[in-house]
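Next come the chains, spelled out residue by residue.
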Amino acid sequence: MTSTIFFIVLAIYVITGGVVARFVKSKADFYVMGEKGTTVLIVGTLAATYLSAVTLLGISGQSYAEGPLVIAALGSFGAWIGTLLAVIYIGRKMKALGCHTMPDFFEKRFNNKKVSIIALIIMIIGLLGYGVIQLIGAGLVLSQVTGIAFPWMIVLFTVALLVFCALGGMYGVVITDTIMLFTMLAISCIIAPYLIGQAGFENMKALGEQLPYYWSIGGTEQRPIGWSISQFLVWILFFSCTPALVSRVFPAKNDFVILKSAVIGVFLAPFMQVIVFIAAGSMRVLQPGIENTDNVMIIGFLEHVPSFLGGIGLAGLMASIMSTASTLFVLVGFALARDLYEHLNEKKMDEKQSLRLGRYAQILVAAVVCIIAIMRPSAIYWISIYAGAIFGVGWLPTVVGGLEWKRMNSKAAVGSMLIGTGAFILIDELSRRGVMPLPEQLDSLMISFAVGVAALLIIGFSTRPNEYEMEYFHTMKNTSIADKTIQEITAEKDGLSKLKKQYKQTMVISVSFIFVATIIWGYFFIRLGL
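Thresholds, definitions, all that
- Residues numbered from 1 in each chain as written.
- Predicted model: local features only at pLDDT ≥ 70, side-chain atom pairs only at ≥ 80, totals over all residues.
- Heavy atoms only, no water.
- Helix = DSSP H or I, 4+ residues; strand = E, 2+ residues; numbered from the N terminus.
- Rg over C-alpha atoms; globule rule 2.2 N^0.38 Å.
- Buried < 20%, exposed > 50% of the residue type's maximum accessible area, 1.4 Å probe, protein only.
- Arc of directions from axis to C-beta.
- Contact = heavy atoms within 4.5 Å.
- pLDDT = per-residue confidence, 0-100.
- Phe/Tyr/Trp six-rings, centres within 6.5 Å; stacked < 30°, edge-to-face > 60°.
- Lys NZ or Arg CZ within 6 Å of the ring centre and 35° of its normal.
- Axes fitted to C-alpha atoms, helices over the stretch in contact; angles between N-to-C directions.
- Parallel < 35°, antiparallel > 145°, perpendicular 65-115°, else oblique.
- Nonpolar A, V, L, I, M, F, W, Y, C, P; charged D, E, K, R; others polar.
- Salt bridge = Lys/Arg side-chain N within 4 Å of Asp/Glu carboxyl O.
- Left-handed = near helix turned anticlockwise from the far one by under 90°.
- Expected span 1.5 Å × (residues − 1).

Undergrad: Explain the overall build of the protein to me, please; I cannot follow it from the model alone.
TA: Counting its secondary structure elements, the protein contains 25 helices and zero strands. For the protein, the C-alpha radius of gyration of 23 Å lies close to 24 Å, the compact-globule estimate for 530 residues. Dimensions of the protein, computed from C-alpha atoms along their principal axes, come out at roughly 65 × 55 × 55 Å. Residues counted as buried form 57% of the 530 residues belonging to the protein.

Undergrad: So what exactly am I meant to see when it comes to helix α24 (residues 481–490) here?
TA: Helical geometry: 3.6 residues make up each α-helical turn, so side chains three or four residues apart lie on a common side. What α24 keeps buried is the set I481, T485 and I489. Viewed along the axis of α24, the buried residues span an arc of 65°, placing them on a single side of the element. Those residues of α24 hidden inside the fold are in contact with α6 (75–96), α14 (255–286) and α25 (495–527).

Undergrad: Help me out: how do you make sense of the environment of G333 in this one?
TA: Relative to the assigned elements, G333 resides in helix α16 (residues 307–344). According to the relative accessible area criterion, G333 is buried, its value standing at 0%. Sequence spacing of G333 and E467 is 134 residues, and the spatial spacing of their C-alpha atoms is 33 Å.

Undergrad: Even after reading the chapter, I still don't get the confidence of the model for the protein, so can you show me in this structure?
TA: The predicted coordinates should not be examined in detail at positions where pLDDT is low. Summary statistics for the protein give a mean pLDDT of 83 and a share of 93% for residues scoring 70 or more. Element-level pLDDT for the protein is lowest in helix α18 (residues 379–387), with a mean of 56, against a maximum mean of 94 in helix α20 (residues 396–404).

Undergrad: Just checking my understanding: could you explain the packing of aromatic side chains for this structure?
TA: Within a pair of aromatic rings, the relevant descriptors are the distance that separates the centres and the angle that separates the planes. If you walk through the whole model with that rule in mind, you get 14 aromatic pairs. A centroid spacing of 5.6 Å and a plane angle of 85° characterise the contact between Y214 and W215, whose relative ring orientation is edge-to-face. Seen from their ring centres, F256 and Y503 are 5.0 Å apart, and the 85° between their planes marks the pair as edge-to-face. Pair noted here: F256 is in helix α14 and Y503 is in helix α25, with a separation of 247 residues, a long-range link. Classification of F256 by relative accessible area gives buried; the value is 5%. An aromatic cluster is defined as three or more aromatic residues linked by ring pairs; in this entry it consists of F105, F106, F391 and W395. R284 extends its terminal NZ or CZ atom over the ring of Y64, reaching a point 5.2 Å from the ring centre.

Undergrad: Help me understand the environment of Y130, please; the structure alone is not making it clear to me.
TA: Turning to its location among the elements, Y130 is positioned in helix α8 (residues 113–146). With 327 residues separating them along the chain, Y130 and L457 place their C-alpha atoms 29 Å apart.

Undergrad: Hey, could you run me through the packing of α14 against α24 in this one?
TA: Two packed helices can be described by the angle between their axes and the distance between those axes. Close contact between α14 and α24 brings their axes to 8 Å; oriented N to C, the two are set at 120°. Between α14 and α24, the crossing angle belongs to the class labelled oblique. From α14, D255, F256 and I258 reach across to α24, where they touch I481, A482, T485 and I489. For the contact of α14 with α24, the class distribution of residues is five nonpolar, one polar and one charged.

Undergrad: Hey, could you run me through the pattern of salt bridges in this one?
TA: Within the structure shown, the criterion is met by seven salt bridges. One salt bridge in this structure joins E404 and K477, with 2.8 Å as the shortest N-O distance. One end of the pair, E404, is in helix α20; the other, K477, is in helix α23 (residues 467–477), with 73 residues separating them in the sequence. Its salt-bridge partner being K498, residue E492 comes within 3.2 Å of it at the nearest N-O pair.

Undergrad: Honestly, the packing of α20 against helix α22 (residues 444–462) in this entry has me stumped. Any pointers?
TA: Contact geometry for α20 and α22: axes closest at 9 Å, N-to-C directions at 40°. Taken together, the axes of α20 and α22 lie oblique to each other. Handedness of the α20/α22 crossing: right-handed. Note on element contacts: α22 touches α20 through F449, V453 and L456, opposite L396, P397 and T398. In terms of residue class, the contact of α20 with α22 is built from five nonpolar, one polar and no charged.

Undergrad: I tried to follow the side chain of S410 on my own but got confused; where do I start?
TA: Its location among the elements puts S410 in helix α21 (residues 410–432). The buried category is assigned to S410, whose relative accessible area is 11%.

Undergrad: Please clarify how unusual backbone geometry should be interpreted in this entry.
TA: Peptide bonds are mostly trans, and most non-glycine residues show a negative phi. Of note in the backbone geometry, E35 takes a positive phi value of approximately 50° without being a glycine. Along the chain, the position of E35 falls in the loop between α2 (27–32) and α3 (39–47). On the basis of relative accessible area, E35 is assigned to the partly exposed category, the value being 31%. Notably, Y213 is not glycine yet its phi reads approximately 70°, a positive angle. Along the chain, the position of Y213 falls in the loop between α11 (201–210) and α12 (225–240). A residue is classified by how much of its surface remains accessible, and Y213, at 46% relative accessible area, is partly exposed.

Undergrad: What's the story with α25 in this structure? I'm lost.
TA: When the terminal C-alpha atoms of α25 are compared, their 48 Å separation across 33 residues agrees well with the 48 Å that a helix rising 1.5 Å per residue should span. Listing the buried residues of α25 in full gives G495, L499, T506, I509, S510, A517, I520 and F524. Packing partners of the buried residues in α25 comprise α10 (169–199), α11, α14 and α24.

Okay, here's the thing in C-alpha cells:
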C-alpha cells in the first residue's frame, strides 16, 4: 500500500509537470509564470514551503522528546511574522521594481558586479546546503520505508523534479506545489488530528505529571525563557529574507493576490506546523521510548493510523521534500542562467536561447545535487549548518538598508554581506568547538546579524552613494505595486466596481481567517489545559 501510493503520487507530479510545460512560451513564463498567479496558486506555493522534511523529521522529534511548546509556542509564530515580512514587505517591494529573482534586486539597486556576485554566492550556498541535506535525510528514511534503495530513491526524485522544473520553470513549481499542498494539508488536517484523537487529550495532559515541564515553553530540558525568545527571533530572521518565500510573490497577478495570499499563507504557517508538533507529543502517549526521535512521525504514519492514511502521510513527506528540492533546482538554475550568465556577463539572448539556457542550468544543478546526495559526504552537513541562517545575516541587512536607507551604497552592501556571514561562521564554529561558549539564550545568528547591521551602518556613514544609487533610491521610493494594481484595474471595463470588489474580498478573507485562527488555537489551548 505504501509503495503503491508513493508511485501514484510521484506519477501525478510528473504528468502534471509535463502538461504544465506546454504553457511556457517565453522567459517571463519560465521565470515568473507570466505574472499570472492567482490567489490559490500563490497560497499553494507559499504554504508548500512550511511543512518541510525538517518539520516532519527533526523538529517533530524534538517536540516528542522535550514537549511540543518548545518550538511551537514561539518558533512557529516567529515563522508567521517572518513570512508576513517576506511577502508583504520585501516581496511586494521587489515585485514593484520588476524583479524576477531576488538577485535582480541587488543588480538593480547597486549596479555593481561585486555586490551581485557576493549575493549570488550566498544564495547558491544557502539553497544547496538546505536543499541537499533535506534530500539526503528524508531519502534515507523513505528508502527504508518503501524498500527502494537510497541511490535509486534519489535518482527517482531528481528525474521527477526535472520534468516540472526544467521544462516548466516557475510555472511547473507553482502548480505542482499547489497540488503537493493538498497531501501536506492531509497531514495537518486529518492524520495529525487522528493521532491526537488516538492518544486522547486527557492522556496527553497527563504527560506533564510524568515528564515535568513537558507542556511548558522551556520543555523537559527546562530551557530558559531567553532561549525560547532567541528561537522566536531566529525564525523571523530566517523566514523574512529566504528566497523560497520572497520569490513566490513575483508570479502573483497583482497586489490584491499578494495581500490575500499573505493573509491565508501566514495563517497556514503556524497551523501546518503546530498541529504536527502536538501530534508528535501525542506519540509520546501512543508509543513512549522511541530512541531515534527523527522517525516519530514516520512511525505514527506506519503503525498508528490506517494504512491508507499512512500512505498519504508518507506521500506528504515526499511532497515536502520535492517542494523544497524544486525550489533549490529552480532558484539556483535561475541564478546560474539568468543572473550570472546573462546579466553579469551581459550576454544578449533571444527568448528561445534564454529558455534553453535556463533548462540546461537546471539539469546541471540536478546532476550535481543528485551526485552529492548519493555520495552523502559529511562536508554537506557543515554547509547545511549555515544554509538557513546565511540569508538572515548575509542578505537581510543589505536588503532592508537598500530599500529604506538613502545613504546605502555598494561598499556598505559588500561589507555587510561579507562581515555578517563571516562573523556567523566564526562565532558558530568557536561556540561549537567550546572555544567561545555562548549563553543558551543568545544565538550566534543574533550576534552576527547585529555585527552585519553595525558594519553596514559604519561603512554607510563613512562613504557616500554614487549618482546611480541616489537616482535609483528616489525611483524606488516613487514606485508602488499598489498604485500599479489600481491603475490596471481601473483601466478595465467597470474597473471601479472591480476594484471595490477586490477590496471587499481582501477584508472578508482577513476577518474570516482571524476568526478561524481564534477558534482553532482557542480549542487546543482549552483542551490541553494550557
